[in-house]
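# Report on the structure
Spelled out, the chains give:
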Amino acid sequence: MRGLLARSALGAPVLAALALSALPARADGPRAADAAAARAGGPRITAAPAARADGPRASAAPWAGFPAQPLARAYAPLRAADPWFGDDKMRHFCASIALAGGGYALGALATSDLRQRLALGAAVALGAGLAKEVYDAAGHGTPSARDVVWDALGTSAGLGLSLWFDLAATPIQF
């Protein structure tokens, strides 16, 4: 019975790996239209610059004399460079699905306790996501809290799929 459960739990990482392979090759590179225009010598297509919040309504804070938007202006380039729905977020989501499903499948080979399987899958996926962000923070990339959020969402989805496959393969006993 344990072999059947382990095989059914492997369905989630296989599906996630297929989804991950369908993503574009590079998330942080220029868009294809921008690259083609640059090669042809034409203008690059860029987003319009963000409007400045220096107007009279921007300083209408509830407390007098306190600037309303200094942090928003300071962090505006970071928000523009790290969108919530970028290609790299989908990579984090899909990789977390695959890692959580794989950790769950390893747990299914080792134990019949459902909570231990879920804990192992969560530890593998979240541990890898946090390790990636620590690596980025060490100067090898750009760390992002939004990446961690997508890692957590992918972990939840991967564990949910693995649990669903696992329970679907379990015969009903009367």
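All figures in this text were calculated on a predicted structure; none of them were measured in a lab.

### Some words on the overall build of the chain
Looking only at helices and strands, the chain features seven helices and zero strands. Counting all 174 residues of the chain, 26% fall into the buried class. For the chain, long-range pairs separated by at least 24 residues make up 71% of all intrachain contacts whose partners lie at least 6 apart in sequence. Of the roughly 11400 Å² of accessible surface on the chain, a fraction of 68% belongs to carbon and sulfur atoms.

### Here we look at the packing of helix H5 (residues 87-110) against helix H7 (residues 145-169)
Orientation of H5 relative to H7, taken along the N-to-C sense of each, is 40°, at an axis distance of 7 Å. The angle between the axes of H5 and H7 places the two elements in the oblique class. Seen from above, H5 lies across H7 with right-handed handedness. Its residues assigned to classes, the contact of H5 with H7 comprises 10 nonpolar, seven polar and six charged.

### A look at the packing of helix H6 (residues 114-140) against H7
Relative to each other, H6 and H7 sit at 155°, their axes nearing to 10 Å. When the axis of H6 is compared with that of H7, the two are roughly antiparallel. Note that H6 runs across H7; the crossing there is right-handed. Taken together, the residues of H7 that come into contact with H6 (itself represented by Leu 114, Arg 117, Leu 118, Gly 121, Ala 122, Ala 125, Leu 126, Gly 129, Leu 130 and Glu 133) are Asp 147, Val 148, Asp 151, Ala 152, Thr 155, Leu 159, Leu 163 and Asp 166. Residues of the contact of H6 with H7, tallied by class, amount to 10 nonpolar, three polar and five charged.

### As for the pattern of salt bridges
Tallying each qualifying case throughout the model produces six salt bridges. Between Asp 82 and Lys 89 there is a salt bridge whose closest N-O contact spans 2.3 Å. Exposure remark for Lys 89: the relative accessible area of 1% places this residue in the buried category. A salt bridge links Asp 136 to Lys 132; the nearest nitrogen and oxygen atoms lie 2.6 Å apart. Of the two residues, Asp 136 and Lys 132 both sit in helix H6, four residues apart, roughly one turn of that helix. Each member of the salt-bridge network shares a partner with another, and the members are Asp 82, Asp 88, Lys 89 and Asp 147.

### A word on a nonpolar patch on the surface
A cluster of nonpolar residues, Trp 84, Phe 85, Val 149 and Leu 153, forms a patch on the protein surface that exposes about 430 Å² of accessible area. The topology assignment puts Val 149 in helix H7.

### Overview of the confidence of the model for the chain
With 54% of its residues at a pLDDT of 70 or more, the chain has an overall mean of 74. Contacts for the low-pLDDT stretch residues 25-30, under 50 throughout, to residues beyond four places or in other chains number five contacts.

### Concerning the packing of aromatic side chains
For the structure shown, the criterion picks out three aromatic pairs. Ring geometry for Trp 164 versus Phe 165: centroids 5.3 Å apart, planes at 50°, classification tilted. On the basis of relative accessible area, Trp 164 is assigned to the exposed category, the value being 57%. Classification of Phe 165 as partly exposed rests on a relative accessible area of 21%. In textbook terms, an aromatic cluster arises when at least three aromatic residues are bridged by ring pairs, as seen for Phe 85, Phe 93 and Trp 150.

Basis of the calculations
Residues numbered from 1 in each chain as written. Predicted model: local features only at pLDDT ≥ 70, side-chain atom pairs only at ≥ 80, totals over all residues. Heavy atoms only, no water. Helix = DSSP H or I, 4+ residues; strand = E, 2+ residues; numbered from the N terminus. Buried < 20%, exposed > 50% of the residue type's maximum accessible area, 1.4 Å probe, protein only. Contact = heavy atoms within 4.5 Å. Areas by Shrake-Rupley, 256 points an atom, 1.4 Å probe, with all protein chains shown as cover. Axes fitted to C-alpha atoms, helices over the stretch in contact; angles between N-to-C directions. Parallel < 35°, antiparallel > 145°, perpendicular 65-115°, else oblique. Left-handed = near helix turned anticlockwise from the far one by under 90°. Nonpolar A, V, L, I, M, F, W, Y, C, P; charged D, E, K, R; others polar. Salt bridge = Lys/Arg side-chain N within 4 Å of Asp/Glu carboxyl O. Patch = residues over 30% accessible without salt bridge, like charges linked within 9 Å, V, L, I, M, F, W, Y side chains within 5 Å. pLDDT = per-residue confidence, 0-100. Phe/Tyr/Trp six-rings, centres within 6.5 Å; stacked < 30°, edge-to-face > 60°.

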